[in-house]
Amino acid sequence: MDLRQLEYFVAVAEEQNFTRAAERVHISQSGVSAQIRQLERELGAELFDRSARTVTLTVAGKAALEHARSALAAAGAVGQAVGEVTGLIRGRLTVGMVIGCTLTPLFDALATFHQAHPGVEISLVEDSSDRLIEKVRASTIDLALIGAANTTPDGLDALTLISERLVAAVPAGHPLAKQRRVALRDLVAHPIVCMPRGTGMRTVFDQACAAQSLKPTIALQASAADAIADLAARGLAVAILSDSMAARYRDRLTAHTIDDVDTPAVLALIWKSAHSPGIRELLAHSREAFIKPDPT
């Protein structure tokens, strides 16, 4: 067996699908299948149950998975150790980004990191914050930009980038546009457009409503702030956004901070371990890109 076969085996085990695993390792599905079959012949046991739509591990596969992960981690550590001695950083970094949250500073950080360390292959994946947190915990991604409610996830290191209160945004002529103050009870009389479950802002909103036993009508959901603002601007629903998001649409929407939602929506970078020199360097570039210097 070789490391490539182990990499494909781990990818199929984690994705539970040969097609997605092939996309992840950047080869054809037939190539992944052939290498897995060869590995199974060498081990004398089937590693996957292929009888259902979702590929699952057999008993032998479950026994092999952690050892395969350990072998890949050990091989990566060899390269990292040599890289630290020689001043070179090589390998692969997988970065996660919450769906619908396009932040230019993150792309700036990735660009400057790539320029400084061209030997590192960078992958960028989108997912919900909840799933990204689990992937960081499982070490299937190295670093992630997530949305959270007030605090960052337990057991992970984090760099808070934005911490803002929620606002309700409506077009001119909407009844709420004329109010001086807006509370959650004012919103339940109107349909709501907001981000889906699993995002930081939605978690803050849902928890605040539950605390007051309020049941708002979530009429529309969208992952991108632009879509939420466009739907609200057309009078379809009241938009729930963060303060800085709503500020981008002030030409079309009037935004009111929701008085009785004190918990902020947090946007943060999270990671499990900074032992990897690649992660440490990417964090340094991220801090430089996101944290503006004090003008004083």
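Please read these numbers as outputs of a predicted model, since none were measured by experiment. (Residues numbered from 1 in each chain as written. Predicted model: local features only at pLDDT ≥ 70, side-chain atom pairs only at ≥ 80, totals over all residues. Heavy atoms only, no water.)

Student: Explain helix α11 (residues 277-290) here, please?
Tutor: The periodicity of an α-helix, 3.6 residues per turn, causes residues three or four places apart in sequence to face the same way. Look at α11: 20 Å from first C-alpha to last across 14 residues, which is about the 20 Å you get at 1.5 Å a residue. Taken together, the buried positions of α11 are occupied by P277, G278, I279, L282, L283, H285, S286 and F290. (Helix = DSSP H or I, 4+ residues; strand = E, 2+ residues; numbered from the N terminus. Expected span 1.5 Å × (residues − 1). Buried < 20%, exposed > 50% of the residue type's maximum accessible area, 1.4 Å probe, protein only.)

Student: Can you help me understand helix α6 (residues 129-137) in this one?
Tutor: For α6, every residue scored as buried is listed here: S129, L132, I133 and V136. Each buried residue of α6 lies within a common arc of 100 degrees when the element is viewed along its axis, so the set occupies one face. Downstream of α6 by one or two residues, S139 has phi in the positive range, about 65 degrees. (Arc of directions from axis to C-beta.)

Student: What is the right way to read the sheet that holds strand β5 (residues 143-149) from this model?
Tutor: Strands belonging to one sheet form pairs held by backbone hydrogen bonds; the direction of such a pair is parallel or antiparallel. Overall, mixed pairing links the five strands, which are arranged β4-β3-β5-β12-β6 in an open sheet. Two strands bound the open sheet, and with one partner strand each, they are β4 (120-127) and β6 (157-164). On average, each strand axis in the sheet is inclined to that of its neighbour by 25 degrees, with strand direction left out of account. Inspection of the sheet shows β6 paired to strand β12 (residues 265-271) by seven bridges, in the antiparallel sense. Bridge pairing in β12 places L159 opposite L269. The strands touched by α6 within the sheet are β3 (91-98), β4, β5 and β12, with β5 carrying the most contacts at an inclination of about 130 degrees. Against the sheet, helix α8 (residues 200-211) engages β5 and β12, with an angle of about 20 degrees to β5. (Pairing = 2+ DSSP bridges. Axes fitted to C-alpha atoms, helices over the stretch in contact; angles between N-to-C directions. Contact = heavy atoms within 4.5 Å.)

Student: Sorry if this is basic, but what is going on with the packing of helix α1 (residues 3-15) against helix α2 (residues 18-25) here?
Tutor: Two quantities define a packed helix pair, namely the angle between the axes and the distance from one axis to the other. Viewed as axis vectors pointing N to C, α1 and α2 meet at an angle of 130 degrees, and their least axial separation amounts to 8 Å. Here α1 is positioned oblique relative to α2, judged by the angle of their axes. Along this stretch, α1 crosses α2, giving a crossing that reads as right-handed. Within the contact between the two elements, α1 uses E7, Y8, V10, A11, V12, E14 and E15 and α2 uses F18, R20, A21, R24 and V25. Across the contact of α1 with α2, the residue classes break down as seven nonpolar, no polar and five charged. (Parallel < 35°, antiparallel > 145°, perpendicular 65-115°, else oblique. Left-handed = near helix turned anticlockwise from the far one by under 90°. Nonpolar A, V, L, I, M, F, W, Y, C, P; charged D, E, K, R; others polar.)

Student: Looking at this structure, how should I read the pattern of salt bridges?
Tutor: Oppositely charged side chains can form a pair if their charged atoms are brought close together. In this structure the tally under the stated criterion is 19 salt bridges. For R131, the salt bridge goes to D127, with nearest N and O atoms at 2.9 Å. Ionic pairing is found between D206 and R197, a salt bridge with its closest N-O pair at 3.0 Å. (Salt bridge = Lys/Arg side-chain N within 4 Å of Asp/Glu carboxyl O.)

Student: Which parts of the structure should I look at to understand the layout of surface pockets?
Tutor: If a probe the size of a water molecule is rolled over the atoms, the empty space left behind becomes visible. Size it by volume and the second largest pocket reaches roughly 420 Å³. Lining of the second largest pocket is provided by 25 residues; of these, C101, M201, S242, M245 and L267 occupy positions nearest its centre. Taken together, the elements giving at least two residues each to the lining of the second largest pocket come down to β5, β6, α8, α9 (225-233), α10 (243-247) and β12. Here the element with the most residues in the lining of the second largest pocket is β12; it accounts for three residues. Among the residues making up the lining of the second largest pocket, the classes are represented as 14 nonpolar, eight polar and three charged. (1 Å grid on protein atoms, 1.4 Å probe; cavity = no way out; pocket = protein on both sides within 12 Å on 5 of 7 lines; lining within 4 Å. Points joined across faces, edges and corners; volume = space filled by probe spheres on them.)

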